[in-house]
Protein chains: 2
Amino acid sequence: MSHDDKPVVLILSGHDPSGGAGLLADAEAVRGCGGWAVTVPTALTVQSTQDVESVSPCTGEFVRRAARHLCDDFTIAAIKVGLIPNIDVLNAVIDIAKACPGVPLIVDPVMSSGGGTDLSTPHLVGTLRERLLPLVDILTPNRGELARIAARPGEGEVAQVVEIMSLGCAAVLLTGTDPLEGEAASSLVVHTLHTPDLNRQWQWPRLSAQYHGSGCTLAAALAARLAAGEGLAGACTQAQRYTWDTLDHGFMLGRGQRLPDRLWRAPDFDATLE
Amino acid sequence: MSHDDKPVVLILSGHDPSGGAGLLADAEAVRGCGGWAVTVPTALTVQSTQDVESVSPCTGEFVRRAARHLCDDFTIAAIKVGLIPNIDVLNAVIDIAKACPGVPLIVDPVMSSGGGTDLSTPHLVGTLRERLLPLVDILTPNRGELARIAARPGEGEVAQVVEIMSLGCAAVLLTGTDPLEGEAASSLVVHTLHTPDLNRQWQWPRLSAQYHGSGCTLAAALAARLAAGEGLAGACTQAQRYTWDTLDHGFMLGRGQRLPDRLWRAPDFDATLE
C-alpha cells in the first residue's frame, strides 16, 4: 500500500475529553491499525476516567453536514458508529450510511454513557432495529446491549443474535468482556462472531484492571481492518489481538480506569493475515 | 520515565473533522511527542482539507466544566490553546489558565478559521491582550497573527514582539511559514524565538506542498515537550524538528491540502536534548 493510500474510516461517535474512549480513541485505533480517521462528533460529554457528568447531543443536521463535507473530500473505506445519543442523530447516521452504499458499516451500539446514564429509549431502539440494522455489516454489542436490542429478552444469546440478523444485520461480534449482572468474571474473555455461514469463538486471558475505551478500540480497529480490505474473520482476529495488546500495555494517568495504549507499537498486520 | 508517567497536556481547541488540524491533530502530536492529551473542544467545525464551511462555538460554560472535570482527574503538565471562537470561550480559557498556576500555557493564536473567516473582533483581541497574554508562557503566532495582536501594525516584527511581551507574555515563537501578502515564499522557513533574555532563529528547508495542520502540530508538540520538562529553547528545537518530519512524511488523502503524518515514527527525544 502506497503512502497516499491509507484507507479512510469515517467515525461517528461521541467526544470523550479523557481520550480513553469515544472519537479520539476511535481515531487513534484507526491510526494504530494502518488507516486514517475522519471524525464527526455525535455528542460532546463532560467526563473523566472516573465518571460521566453529562452528555450533550450534537444536532442531526450538524452530523449530516459534516459527514457530507468529508465524503466530498475523502474516499471513505469504512464507517464506524459509536454513541448515538438520540433519534435526531440516529436519523442522520441512517442517512449517511444510505449515502455510502457498499461501504462497510460497523456499529458499536453504545446504549449507556458509561456513567450509568441510559441513552436508549424504546423509540430509539425500535428505529435502530428497523432502519439501521438492515444497513449494518457488523454489530459489536456486549451481552447487555445485545439483550436490549433483541426483542427476545428472555431467550438465550444465540436466539437474540439470530433475531437481530433476521432484521438484516449481516454479522454480530458478541463481546464477552463484561459479566452480566450477578455473574462472576471468568478468567477467559470469550468473543463470538456470528454470520449466516459461520460461528467462531476467540478466547483471551482476562486482564485484571478496568479500562476506559476497550469497546471503542475494538470496533474502530475492526473498521480499520475491514477498510484495509481484510475478510471479516481475519479482521475480527486482528482487531481483538490489537485491542488486547493495547490494554495489556495500558497505563494509569487518571484516578479511575486505565487507558489503552493504542500506539504502543505499529502492528505488523501482514504477519497475522488469515 | 515510567509507563504511567506520561505528561498530560490539556488541549483547548476547535474540532476539525478531517483530522488534519485542530483537536485531533493536537492530540496526535502530543502522543507523537511522548505525552497524553486530554481535550476540550472550543468549537465544532464543518471542514475538509479543502475549506471550512462553518464554525460553531461551544459555550464557555461547557469548556469550563469539561476542563474542571479533567483537572480533578489528571495532573495537567501543560495547557495548549488553539482556536478561540468568541469572547465567551476566551473568558473560559482565561479562567482555566488562572486555575492552573505554574502550568506552562502555550497559545497558538488562531485568528481565522483557515477558510478565510475572520474569528477576531476588536473586543476579542483586546481581551486576549489584556487578560490572556499576561498568563502565556509562549505564544506561537505567524506574522499575520502577530500583526493583528500587536497594537503597532505599522512597525516591524521585533517592535510588535516587544510590545506583546510588555503585556506579560513570557515568550514568542514567531513562525515564518506563511509569506505575508504580496511576498514571495523563500526557500527557507525561518522561525524565531523571542524571550527577554534570548533571541534564537531556526531555518528549515521549505517543503513545496500545502499542509493542513502544521501550526497546530508545532504548538502541540511544543506543549508536549514543555510538559515533559524540557527547557524552552530545547522544546522549540524538538517541536520544530518533529513538525518538519511529520510534514515531510505527510500524505494526500483528501483533495486539498496534504496531511502531516504525526505518527510516522516515535522520535527519540533523548537524542536531541539540548
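Keep in mind it's a predicted model, so treat the numbers as computed, not measured.

### Quick notes on the overall build of chain A
Now for step 1: A tally of helices and strands in chain A yields 8 helices and 9 strands.
Now for step 2: Relative to a compact globule of 274 residues, whose C-alpha radius of gyration would be 19 Å, chain A shows 17 Å and is just as compact.
Now for step 3: By principal-axis analysis of the C-alpha atoms, chain A measures approximately 45 × 45 × 45 Å.
Now for step 4: Here chain A, with 274 residues, has 59% of them falling under the buried criterion.
Now for step 5: Entry remark: accessible area of chain A is about 10300 Å², with carbon and sulfur atoms responsible for 50%.
Now for step 6: Chain A carries 20 positive and 31 negative side-chain charges, and their two centres are separated by 1 Å.

### Brief notes about the interface of chain B and chain A
Now for step 1: Counting from both sides, the interface comprises 53 residues of chain B and, opposite them, 53 residues of chain A.
Now for step 2: Together chain B and chain A conceal approximately 4200 Å² of surface at their shared face, both sides included; 59% is due to carbon and sulfur atoms.
Now for step 3: Where chain B packs against chain A, one counts 6 salt bridges.
Now for step 4: With its nearest N and O atoms 2.8 Å apart, the salt bridge here joins Arg-31 of chain B to Asp-261 of chain A.
Now for step 5: Along the contact surface separating chain B from chain A lie 24 residue pairs in polar contact (both at pLDDT 80 or more).
Now for step 6: Listed by contribution, the elements that provide at least two residues to the side of chain B that touches chain A are strand S1 (8-15), helix H1 (22-32), strand S2 (36-47), strand S3 (52-57) and helix H2 (60-73) of chain B.

### With respect to the relation of the copies chain B and chain A
Now for step 1: Relative to chain A, chain B is turned by 180° and slid 0.0 Å along the rotation axis, the superposed coordinates differing by an RMSD of 0.0 Å. Those values place the two copies in the arrangement expected of a two-fold rotation axis. Of every C-alpha in chain B, the one belonging to Leu-24 of chain B sits nearest the axis of rotation, 3.4 Å from it.
Now for step 2: A share of 100% of the interface residues of chain B reappears at the interface of chain A, consistent with the copies meeting face to face through the same patch.

### Regarding the packing of H1 of chain B against helix H7 (residues 214-227) of chain B
Residue and element names in this part refer to chain B.
Now for step 1: With their axes 8 Å apart at the nearest point, H1 and H7 run at an angle of 40° to one another. When the axes of H1 and H7 are compared, the pair comes out oblique. Our pair here, H1 against H7, has a crossing hand that is right-handed. Taken together, the residues of H7 that come into contact with H1 (itself represented by Gly-22, Ala-25, Asp-26, Ala-29 and Val-30) are Cys-216, Thr-217, Ala-220, Ala-221 and Ala-224.
Now for step 2: Its residues placed into classes, the contact of H1 with H7 shows 7 nonpolar, 2 polar and 1 charged.

### What about the pairing of strand S1 (residues 8-15) of chain A?
All names here are of chain A.
Now for step 1: The buried count for S1 comes to 8 of 8 residues, which makes it a mostly enclosed element.
Now for step 2: Judged from the 5 bridges that link them, S1 and strand S4 (residues 76-81) form a sheet pairing that is parallel. From the neighbouring strand, Val-9 faces S4, where its bridge partner is Ala-78.
Now for step 3: The pairing of S1 with strand S2 (residues 36-47) spans 8 bridges and is classified as parallel. Paired with Ile-11 across the bridge in S2 is Thr-39.

### Concerning the packing of aromatic side chains
Now for step 1: Following the criterion strictly, the structure yields 2 aromatic pairs over all chains and no others.
Now for step 2: Between the aromatic rings of Trp-36 of chain A and Phe-251 of chain B, the centroid separation amounts to 5.4 Å while the plane-to-plane angle is 80°, which identifies the pairing as edge-to-face. Remark: Phe-251 of chain B occurs in the segment after helix H8 (232-248) and Trp-36 of chain A occurs in strand S2; the pair is interchain, linking two chains. Take Trp-36 of chain A and Phe-251 of chain B: they sit in the same class, and that class is buried.

### Here we look at the pattern of salt bridges
Now for step 1: Within this structure, the stated rule accounts for 20 salt bridges over all chains.
Now for step 2: Note that Glu-157 of chain A and Arg-143 of chain A form a salt bridge whose closest N and O atoms lie 3.6 Å from each other. Taken together, the positions of Glu-157 of chain A in helix H6 (residues 157-166) and Arg-143 of chain A in helix H5 (residues 143-149) put the pair 14 residues apart, joining distant regions of the chain.
Now for step 3: Connected through salt bridges with shared partners, the residues Glu-53 of chain A together with Glu-61, Arg-64, Arg-65 and Asp-95 of chain B form a single ionic network.

### A closer look at the nonpolar core
Now for step 1: Counting 100 residues, the largest nonpolar core has Leu-10, Ile-79 and Leu-132 of chain A together with Leu-10, Ile-79 and Leu-132 of chain B as its most contacted members.
Now for step 2: Each residue touching Ile-79 of chain B, except ones within four places of it in the same chain, is listed here: Leu-10, Leu-12, Ile-96, Ala-97, Cys-100, Val-103, Pro-104, Leu-105 and Ile-106 of chain B.
Now for step 3: Counting residues in hydrophobic clusters, the runner-up holds 64 residues, among them Ile-138 and Ala-235 of chain A together with Ile-138 and Ala-227 of chain B.

### Focus: the side chain of Glu-230 of chain B
Residues and elements named next belong to chain B.
Now for step 1: Position of Glu-230 among the secondary structure elements: in the loop between H7 and H8.
Now for step 2: For the buried Glu-230, which has no salt bridge, the nearest side chain bearing the opposite charge is Arg-225, at an N-O separation of 4.0 Å.
Now for step 3: A polar contact is formed between the side chain of Glu-230 and the side chain of Gln-238, at a distance of 3.3 Å.

### Observations regarding the confidence of the model for chain A
Should the pLDDT be low somewhere, the predicted coordinates at that spot are not to be read in detail.
Now for step 1: Residue-level pLDDT values for chain A average 91, and 93% of them are 70 or greater.
Now for step 2: Among the prediction metrics, the complex's ipTM stands at 0.93, with pTM recorded as 0.94.

### Overview of empty space enclosed by the protein
One way to see where empty space is left: roll a probe the size of a water molecule over the atoms.
Now for step 1: Under the definition given, this model contains 4 cavities of 30 Å³ or more.
Now for step 2: Of the voids in this model, the largest cavity is the one considered here, and its volume is about 140 Å³.
Now for step 3: As for the largest cavity, its lining consists of 13 residues, and the residues nearest its centre are Ala-27, Glu-28 and Arg-31 of chain A together with Leu-24 and Glu-28 of chain B.
Now for step 4: Residue assignment for the lining of the largest cavity shows that the elements contributing at least two residues are helix H1 (22-32) and S2 of chain A together with H1 of chain B.
Now for step 5: By residue class, the composition of the lining of the largest cavity is 8 nonpolar, 1 polar and 4 charged.

### Looking at the packing of helix H2 (residues 60-73) of chain A against helix H3 (residues 87-98) of chain A
All names here are of chain A.
Now for step 1: Taken N-terminus to C-terminus, the directions of H2 and H3 make an angle of 25°; their axes are 8 Å apart at the nearest point. With respect to H3, the axis of H2 lies roughly parallel. For the crossing formed where H2 meets H3, the hand is right-handed. Taken together, the residues of H3 that come into contact with H2 (itself represented by Gly-60, Val-63, Arg-64 and Ala-67) are Asp-88, Val-89, Asn-91, Ala-92, Asp-95 and Ile-96.

### Remarks on helix H4 (residues 122-132) of chain A
Each α-helix turn comprises 3.6 residues. Residues three or four places apart therefore point the same way.
Now for step 1: Every buried residue belonging to H4 of chain A is among Leu-124, Val-125, Gly-126, Thr-127, Leu-128, Arg-129 and Leu-132 of chain A, and all of these are buried.
Now for step 2: As for H4 of chain A, its buried residues are in contact with H3, strand S5 (105-107), H5 and H6 of chain A.

### Details of the pairing of S3 of chain B
Residue and element names in this part refer to chain B.
Now for step 1: Relative to S3, S2 is paired through 5 bridges, and the arrangement is antiparallel. Bridging from a neighbouring strand, Val-46 pairs with Ser-54 of S3.
Now for step 2: Hairpin connection between S2 and S3: a loop of 4 residues separates the two successive antiparallel strands.

Thresholds, definitions, all that
- Residues numbered from 1 in each chain as written.
- Chains lettered and ligands numbered in written order.
- Predicted model: local features only at pLDDT ≥ 70, side-chain atom pairs only at ≥ 80, totals over all residues.
- Heavy atoms only, no water.
- Helix = DSSP H or I, 4+ residues; strand = E, 2+ residues; numbered from the N terminus.
- Rg over C-alpha atoms; globule rule 2.2 N^0.38 Å.
- Buried < 20%, exposed > 50% of the residue type's maximum accessible area, 1.4 Å probe, protein only.
- Areas by Shrake-Rupley, 256 points an atom, 1.4 Å probe, with all protein chains shown as cover.
- Lys, Arg positive; Asp, Glu negative; His and termini not counted.
- Charge placed at Lys NZ, Arg CZ, Asp CG, Glu CD.
- Contact = heavy atoms within 4.5 Å.
- Buried area = accessible area lost by both parts, 1.4 Å probe.
- Salt bridge = Lys/Arg side-chain N within 4 Å of Asp/Glu carboxyl O.
- Polar contact = N/O pair within 3.5 Å; in protein donor to acceptor, adjacent residues only side chain to side chain.
- Least-squares fit on C-alpha atoms with pLDDT ≥ 70 in both.
- Axes fitted to C-alpha atoms, helices over the stretch in contact; angles between N-to-C directions.
- Parallel < 35°, antiparallel > 145°, perpendicular 65-115°, else oblique.
- Left-handed = near helix turned anticlockwise from the far one by under 90°.
- Nonpolar A, V, L, I, M, F, W, Y, C, P; charged D, E, K, R; others polar.
- Pairing = 2+ DSSP bridges.
- Phe/Tyr/Trp six-rings, centres within 6.5 Å; stacked < 30°, edge-to-face > 60°.
- Core = buried A, V, L, I, M, F, W, Y, C linked by side-chain atoms within 4.5 Å.
- pLDDT = per-residue confidence, 0-100.
- 1 Å grid on protein atoms, 1.4 Å probe; cavity = no way out; pocket = protein on both sides within 12 Å on 5 of 7 lines; lining within 4 Å.
- Points joined across faces, edges and corners; volume = space filled by probe spheres on them.

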